[in-house]
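Architecture at a glance
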Amino acid sequence: MCICGLEKEYDKCCGEIIDALRVVGTPEELMRSRYCAYVNANARYLLLSSVKENQYEEDIELIEDFSSQVDWLKLDVLKVEGNTVEFKAYYRDKEQIQVLHEKSNFVLEDGVLKYKDGELYKSKIERNESCPCGNGKKYKKCCALKN
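A few points on the structure. (Residues numbered from 1 in each chain as written. Predicted model: local features only at pLDDT ≥ 70, side-chain atom pairs only at ≥ 80, totals over all residues. Heavy atoms only, no water.)

Topic: the packing of aromatic side chains
Short version of the rule: For this analysis, a ring pair means two rings from Phe, Tyr or Trp (six-membered ring only for Trp) whose centres lie within 6.5 Å, classed as stacked if their planes differ by under 30 degrees, edge-to-face if by over 60, and tilted for the remaining angles. We count a stretch as a helix when DSSP gives it H or I for four or more residues in a row; a strand needs E for two or more, and each element gets its number in order from the N terminus. For every residue, the accessible area (1.4 Å probe, protein chains only) is compared with the maximum for its type, and the residue is labelled buried under 20%, exposed over 50%, or partly exposed between those bounds.
Under the defined criterion, the tally for this structure stands at six aromatic pairs. Between Y38 and W72, the ring centres sit 5.8 Å apart and the planes meet at 45 degrees, which makes this aromatic pair tilted. In this pair, Y38 sits in helix 2 (residues 27–39) while W72 sits in strand 1 (residues 71–81), placing the two residues 34 residues apart along the sequence. Among the residues examined, W72 registers a relative accessible area of 11% and is labelled buried. Relative to Y91, the ring of W72 has its centre 5.1 Å away and its plane inclined at 50 degrees; by these criteria the two rings are tilted. With W72 in strand 1 and Y91 in strand 2 (residues 84–92), this residue pair connects regions lying 19 residues apart in the sequence. A network of ring pairs unites the aromatic residues Y35, Y38, F66, W72 and Y91 as a single cluster.

Right under this line is the structure:
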């Protein structure tokens, strides 16, 4: 199964987009491939899949450091509307499980779909939701006990 959560092999899903074997077709595909790039600390892809005005070489080391220091757990796509994708990405840092909740905006730049920007939301993992660690228990009976 692909890291992005779809029932496809990575090489037939986000891997072929990241490896430039296939052009990304939708904002959701781009967002999912960017999540996979974070999981794999592939900062170069994250930089190249952003609009030119947001491509900063100095971000590469920061992205790689952050992505390498956390354990990415899962991605939930909440809503797709036009060129926006709302999602939650769960990860474990040194202290506890965190959630990154964002509504991302994508645009065409030189005929290619790119990440433009996003609106971050303050979110927390609800006690009764399925634990992001993937063991099938509710959060309150699993990782919430460890925090």
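A look at the layout of surface pockets
As a reminder of what qualifies: The pocket and cavity definitions rest on a 1 Å grid over protein atoms only: a 1.4 Å probe that fits but cannot leave marks a cavity, an open set with protein on both sides within 12 Å along at least five of seven lines marks a pocket, and residues lining either have an atom within 4 Å of a point. Grid points are joined across faces, edges and corners, and a volume is the space filled by probe spheres set on the points. When residues are grouped by polarity, Ala, Val, Leu, Ile, Met, Phe, Trp, Tyr, Cys and Pro land in nonpolar, Asp, Glu, Lys and Arg in charged, and all others, Gly among them, in polar.
The volume enclosed by the largest pocket comes to roughly 340 Å³. Elements that contribute at least two residues to the lining of the largest pocket include exactly helix 2, strand 2, strand 3 (97–109) and strand 4 (112–121). Of the residues contributing to the lining of the largest pocket, the split by class is twelve nonpolar, two polar and two charged. For the second largest pocket, the calculated volume is near 250 Å³. What lines the second largest pocket is a set of 14 residues, among which I17, A20, R22, Y45 and V112 lie closest to the centre. When contributions to the lining of the second largest pocket are tallied by element, the ones reaching two or more residues are helix 1 (14–18), helix 3 (43–48) and strand 4. The element contributing the most residues to the lining of the second largest pocket is strand 4, with three residues. Partitioned by chemical class, the residues of the lining of the second largest pocket number eleven nonpolar, one polar and two charged.

Looking at the pattern of salt bridges
The line we're drawing: One side-chain nitrogen of Lys or Arg within 4 Å of one carboxyl oxygen of Asp or Glu is enough to make a salt bridge.
Going through the model one piece at a time under the given rule, you end up with eight salt bridges. For D76, the salt bridge goes to K74, with nearest N and O atoms at 3.4 Å. Look at K74 and you get partly exposed, because its relative accessible area is 23%. Here the residues in one salt-bridge network are E16, R22 and E29, joined through shared partners.

Re helix 4 (residues 59–69)
To keep it simple, the criterion reads: Working definition: the arc comes from the directions between the helix axis and the C-beta atoms, pointing outward to the latter. Contacts between residues were defined by any pair of non-hydrogen atoms, one from each residue, lying within 4.5 Å.
Of the positions making up helix 4, those classed as buried are I60, I63 and S67. Looking down the long axis of helix 4, one finds its buried residues gathered within 70 degrees of arc, a one-sided arrangement. For helix 4, exposure combined with an orientation more than 90 degrees from the buried face picks out E61, L62 and Q69. Taken together, the buried residues of helix 4 touch helix 2, helix 3 and strand 1.

Here's the deal with the nonpolar core
Heads up, the rule is: Put simply, a nonpolar core is a bunch of buried Ala, Val, Leu, Ile, Met, Phe, Trp, Tyr and Cys residues held in one set by side-chain atoms that sit within 4.5 Å of each other.
Counting residues in each nonpolar core, the largest one holds 28 residues, and the members touching the most others are C4, L75 and F106. Secondary-structure elements contributing two or more residues to this core are helix 1, helix 2, helix 3, helix 4, strand 1, strand 2 and strand 4. Per-element accounting of this core gives the leading share, five residues, to helix 2. By size, the runner-up hydrophobic cluster in this structure holds eight residues, among which are V99, I125, Y139 and C142.

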